[in-house]
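An overview of the molecular structure
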Amino acid sequence: MTADPAVEAPIRTDKTQAAQGPAVGRRWIGGFRPSRRAINPVAALVVSAAVLYAALFGAGPLPALGPAFNPVTGAWTMAAAAQVGNETLHLAGLQQPVSVSLESDGTAHIVAQTDHDLFLATGYVHARFRLFQMDLMRRQGEGRLSQVIGKAALDSDRFELQLGLLRTAELEWSQLTSSDPSREALTAYAQGVNDRISEAESRHQLDAMFKLLGYEPAPWTPIDTLIVKGDMTQTLNFTDTPLVIAQLDKSLGADLTSEWFPVLPPNQQSPYDPGPYGAATSGPIEAMSQVSDSVAATAAALYQRLAALPPGLIATGGASNNWAVAGSKSASGGALMAGDPHLHLTLPSIWFQLTMDSPGYHASGVSIPGTPIVLIGHNQHISWSLTDAQNQQTFYYLEHEDAAHPGQYFWKGAWQKYKTVSYDIPVLGGPTEHLAVKLSVHGPVITQRGQTTSVWWAGNLPSQDLDALLRVGQASNWQEFRDALRDWHSPTHNFVYADDQGNIGLISAGYYPLVAAGQPWLPMTGTGEDDVTGTVPYDAIPQVYDPSDGIIWSANQRQVTSDYPYYIGTASNFFDPGYRANEIHRVLSQGTAAGGKLSAADMMALQTDTRDFLASEIVPVLVQTLAGKKLSPSESAARDLLANWDYRMETNSAAATIWSSFWQSYLGETFDPWWKSRAVSIDRQEVNDALGQDLEAWTLGDTANRAFTSPGSGQRTAFDVILKAFHATVGTLTKSLGSAPKTWTWGRVHTRELENLAQISGLSYGPRADRGDANTPLAAGGDPSTHGPSWRMVVDWGTGTFSGIYPGGQSENPASSWYTNRVDTWWSGLYAPMLSADQASAAKATVTWNLRS
Amino acid sequence: MSRRLLFATILLIVLVLTAIAFLHGAWWAPFVAGIAVGAVSDRARVAIPVGAAIGLLAWGAPLVYEQVQYGLGPAASSLAAIMGFGHQGTIPLVLTLLVGTLLGLTGAWVGSVARSWLPVLQRATSR
């Protein structure tokens, strides 16, 4: 036997050749015929190199297969990481032992003996379950997504670094004194996160996404927490509305734009603060004027740039509810409070539920991973929740420049030099990008083309919001609560309040910029005349405390009446059209009328209310318009369904489908001819909220409005358009759903989806048929609807019961039973009790972690 | 010491070293182990399957352990979803085992080739 496989080779080669037949006709390049002795090592090296390359660097869509799929240290460890059991853990930096109890649904209860340890343990717990989410959020705000995703994220990174969340966070951190409680909280929290990062790395327990993307998280810093806060501010109130209105103004003309996109809402709304108000300290706002070509072109370029950014970076209208009922109006005798913030519904959720207990801080509710506090919840004496207040906090300034003063802009009578900040953006698989950001007095220059434009955004004002939230969590009465929010800047929120003494309150805390002159709903001149000069005084911002009717509510509607003396934003694309607020107000008013009392069950029912207030106004007009008209059998059946409808957008309701389709058709029949004839570049769907308010108001009180007589249509009234839209609706639905209107159920055309945060569709939930629409308290706009009640909480101070639920689960690990374990409960409109730490530790199947230094 | 005993001894040492290295995150350990096996074995037709088996064992045994301990179903399904294969959990499972097998196999192949090209290896293991 030979020991050399190469010696054996000729024999095998001959056999192979024999099997294949004679090698007659086989050609080798240049007449060279490689020997087996040469082919074998070359093949071995080539194949090995290919295998090693794929293992090291990945292949096509596959990640680096070696480290990523290593069963001991790679992504497969998600199976082990999904298990949660009793443990004793050692964390660097702890001062005293800390107990963490985890309920069977994953809710965490942290009990610490010092405030420092409480925040440290909170950081650890957040990172234990949500580290990848936290890392994504900080990367988003810091403009560092390209480093791990590649050039696909470059636009987002450039924009974020221009906008300046990182600069603001650094400034906020530098302004915190060493004795500031929020500084201690931020530092301890970062320590806890870093304890978990170290532990996860040593135990190979980093989330699978880190392994699949091939990177390890950098240490957490207090600035990262401030960035996460900035992310939320941006997604809730950085708007492009002035750019939209400028383009509408240019194409539709100033008169139609003024009429269709007014400052004050044209429809009937339910402001929660009816006044009386004090006198304004600022001057009146001018009427809409025609914008110039250059302003419109600049606005269009900027608008297109912002529109191309990933969803979520620009606020696109809010949707949240909260309300409270005074003890005098509740069945239990204690105040009732309900809150359901409507956000992008993701897996994992934006929320993490926990109870935080220490000598100086007690709060139970939901927190945002990456931040050390409970954002919505309750303590021993008060409860609070928030909705977005929606006032204008973004202003665009057109800087005046000329060729004789390069690198300068004219402001307040003198030429000023732009400041410049430079950044390097590392890009996975490409060269590092260098970015220079120019800053004027108004803010960062974000011009794409045309006139140099900078943006003033309240989110760039250094603001110690964390300190405010810490004090909110420590407040025990309205005065302390209100005082805590005095320095809250952005995003402006409607903070609802209820306490254990039966009191209720609502305050829209935040920064309300006042401009010296100009039209803030359009890009303004940057020469100084139109600058932001200050804010509405705190005592004059919208607020109520213990109103006489015993109810308060907010649902992103304009909080004040037309008598309010300050400009706070236009009706279009800042404030909600008000249908949810109207419905909530209707239910609360009816429930408390004539000595009526409301209960926590009523609050829960209202949170999942599917009654469309707009439908309740318009459908009777539609049915009346159809009376006596010649209709086809399908149209008659559709009319009958509408006539007998309760205006509830339930999945089994065919009338809901007809209504929804009709309203879209009605909007299109009214406005699309205008859009076409005036060549409006803004997608009509984007401004439907504003146009819908107009159409509602005209249908109910101005049926001969000139808008109905659109170009090329001849003289028309609302009724003509209604009839045409109804015919079109039935025709469209017959084509898509069949000829039997009773089968056109809402669940066939309307779904909801909980999207995976990393946009991995296989890890999303749904789409699944669901009830509600954009106008119902149970918010479900869009199809599939991806926004909605991200957390539902109901508090009854009379019985001392607290309930809450969010769609998703506590863990970001898709292999964990806590990834989607709360979805079904949430979907069914049910709640889970919010237990105290003592109740949780006594409950069945509770897991305990003992944290030691 | 006979050649077979020498081979078996070296194989055992290689297996132990592979396991230790693998547990510390050295995913490439089966490749190195394969090289060692290929280099000491005088028959490629034996060395290469043994190398592949080492790779399969190194990458498969921990999966078996995790399946017994925790259940791999949700993890496999999730990985498939992340990779864009829906919830076909067998795909990442097969892919994982394939990677391990290929690492061991190619390592042994390279080792065998090295042995044929480096007489010193033949002399060291042929006695």
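These numbers come from a predicted model, not from an experiment.

1. Some words on the overall build of chain B
- The helix and strand inventory of chain B stands at 6 helices and 0 strands.
- Reading the secondary structure of chain B in the N-to-C direction produces α-α-α-α-α-α.
- C-alpha atoms of chain B, sized along the principal axes, occupy 55 × 25 × 20 Å.
- Within chain B, the fraction of its 127 residues that count as buried is 50%.

2. Focus: the sheet that holds strand E24 (residues 751-756) of chain A
Residue and element names in this part refer to chain A.
- The 3 strands lie next to each other as E6-E24-E25, forming an open sheet whose pairing is mixed. Two strands close off the open sheet at either side, each with one partner strand: strand E6 (346-347) and strand E25 (765-769).
- Pairing of E24 with E25, which is carried by 3 bridges, proceeds in the antiparallel orientation. From the neighbouring strand, Thr-751 faces E25, where its bridge partner is Ala-769.

3. Points about the interface of chain A and chain B
- In this assembly, 37 residues from chain A lie in contact with 40 residues from chain B.
- Considering every element that reaches the side of chain A that touches chain B, the biggest residue donor is helix H2 (residues 36-57) of chain A, with 9 residues.
- Its residues placed into classes, the side of chain A that touches chain B shows 28 nonpolar, 8 polar and 1 charged.

4. A short note on the packing of helix H21 (residues 654-677) of chain A against helix H22 (residues 688-701) of chain A
Residues and elements named next belong to chain A.
- Where H21 contacts H22, the two axes come as close as 11 Å, and the packing angle between them is 90°. By the angle class used here, H21 and H22 are roughly perpendicular. Listed contacts from H22 to Tyr-666, Leu-667, Thr-670 and Phe-671 of H21 are Asn-688, Leu-691, Gly-692 and Leu-695.
- Looking at the contact of H21 with H22 residue by residue, the class counts come to 5 nonpolar, 3 polar and no charged.

5. Brief notes about the nonpolar core
All names here are of chain A.
- Residues Ile-110, Ala-121, Ala-324, Leu-336 and Tyr-497 are the most contacted members of the largest nonpolar core, which totals 266 residues.
- In terms of residue count, helix H5 (residues 115-142) provides more of this core than any other element does, 13 residues in total.
- Here Ala-324 is in contact with Ala-335, Leu-336, Met-337, Val-496, Tyr-497, Ala-498, Ile-504 and Ile-552, once residues within four sequence places are set aside.
- Counting residues in each nonpolar core, the second largest holds 5 residues, with Ala-319, Ala-774, Leu-778 and Ala-779 among its members.

6. What about the pairing of strand E8 (residues 361-367) of chain A?
Residue and element names in this part refer to chain A.
- Taken across its 7 residues, E8 has 7 buried, putting it largely inside the fold.
- As paired elements, strand E7 (residues 352-358) and E8 share 7 bridges and run antiparallel to each other. Paired with Thr-355 across the two strands is Ser-364, which belongs to E8.
- Hairpin geometry of E7 and E8 is characterised by an intervening segment of 2 residues between the two adjacent antiparallel strands.
- Judged from the 3 bridges that link them, E8 and strand E9 (residues 376-378) form a sheet pairing that is antiparallel.

7. A short note on the environment of Ala-326 of chain A
Residue and element names in this part refer to chain A.
- If you trace the backbone, Ala-326 turns up in the loop between strand E4 (320-325) and strand E5 (336-344).
- In sequence terms Ala-326 and Leu-598 are 272 residues apart; their C-alpha atoms lie 9.6 Å from each other.
- Excluding residues within four positions of it along the chain, Ala-326 makes contact with Ala-335, Gly-502, Ile-504, Asp-546 and Gly-550.

8. Side note on the sheet that holds strand E20 (residues 524-525) of chain A
All names here are of chain A.
- Judged by pairing direction, the sheet is mixed, and its 3 strands sit side by side in the order E16-E11-E20 without closing on themselves. What marks the edges here is a single partner per strand, and that holds for strand E16 (453-457) and E20.
- Looking at chain direction, strand E11 (residues 394-398) and E16 are connected through 5 bridges and run antiparallel. Note on E16: the bridge partner recorded for Tyr-397 is Ser-454.

9. Considering the environment of Ser-422 of chain A
Residue and element names in this part refer to chain A.
- Relative to the elements of secondary structure, Ser-422 occurs in strand E14 (residues 419-425).
- What makes Ser-422 exposed here is the crowd of 9 C-beta atoms within 10 Å.
- Each C-alpha atom, one on Ser-422 and one on Lys-438, is 8.8 Å from the other, the two residues being 16 residues apart in sequence.
- Leave out the neighbours within four places in its chain, and Ser-422 touches His-434, Leu-435 and Ala-436.

10. Here we look at the environment of Val-193 of chain A
- With respect to the helices and strands, Val-193 of chain A occurs in helix H9 (residues 181-202).
- If we ignore the near neighbours within four places in the chain, the residues touching Val-193 of chain A are Gly-123, His-126, Ala-127 and Trp-220 of chain A.

11. Here we look at helix H8 (residues 165-175) of chain A
Residue and element names in this part refer to chain A.
- Residues of H8 that are buried: Leu-165, Leu-166, Thr-168, Ala-169 and Glu-172. Looking straight down H8, one finds that the buried residues subtend no more than 160° of arc, so they occupy a single side. Turned more than 90 degrees from where H8 packs its buried face, Ser-174 and Gln-175 sit exposed.
- Tucked inside the fold, the buried residues of H8 contact H5, helix H7 (154-163) and helix H11 (222-237).

12. Looking at the confidence of the model for chain A
- Per-residue confidence for chain A gives a mean pLDDT of 92; residues scoring 70 or more make up 95%.
- Between residues 1-25 of chain A, whose pLDDT stays under 50, and residues either more than four places distant or in other chains, the model counts 21 contacts.

Quick notes on the rules
All residue numbers here refer to positions counted from 1 along the written sequence of the relevant chain. Ligands are numbered from 1 and chains lettered from A, in the order in which they are written. Local features in this predicted model are restricted to residues whose pLDDT is 70 or higher, and side-chain atom pairs enter the listing and the counts only when it is 80 or higher, whereas totals over whole chains, interfaces and linings include all residues. For helices the rule is a DSSP run of H or I covering at least 4 residues; for strands it is a run of E covering at least 2, with both sets numbered from the N terminus onward. With C-beta atoms placed from the backbone, the exposure class of a residue follows from how many other C-beta atoms lie within 10 Å of its own: 20 or more, buried; 12 or fewer, exposed; in between, partly exposed. Paired strands, in this sense, are two strands between which DSSP finds at least two bridges. Our contact criterion uses C-beta atoms placed from the backbone: two residues qualify when those atoms are within 7 Å. Any residue outside Ala, Val, Leu, Ile, Met, Phe, Trp, Tyr, Cys, Pro, Asp, Glu, Lys and Arg is labelled polar, Gly included; the first ten of those are nonpolar and the last four are charged. Axes here refer to lines fitted to C-alpha atoms; in helices the fit is confined to the stretch in contact. Angles between the N-to-C directions go from 0 to 180 degrees. Convention used here: angles under 35 degrees read as roughly parallel, angles over 145 as roughly antiparallel, angles from 65 to 115 as roughly perpendicular, and any remaining angle as oblique. To form a nonpolar core, buried Ala, Val, Leu, Ile, Met, Phe, Trp, Tyr and Cys residues must be joined through C-beta atoms within 7 Å. The directions from the helix axis to the C-beta atoms form the arc being described. Note: pLDDT gives the predictor's confidence per residue, expressed from 0 to 100.

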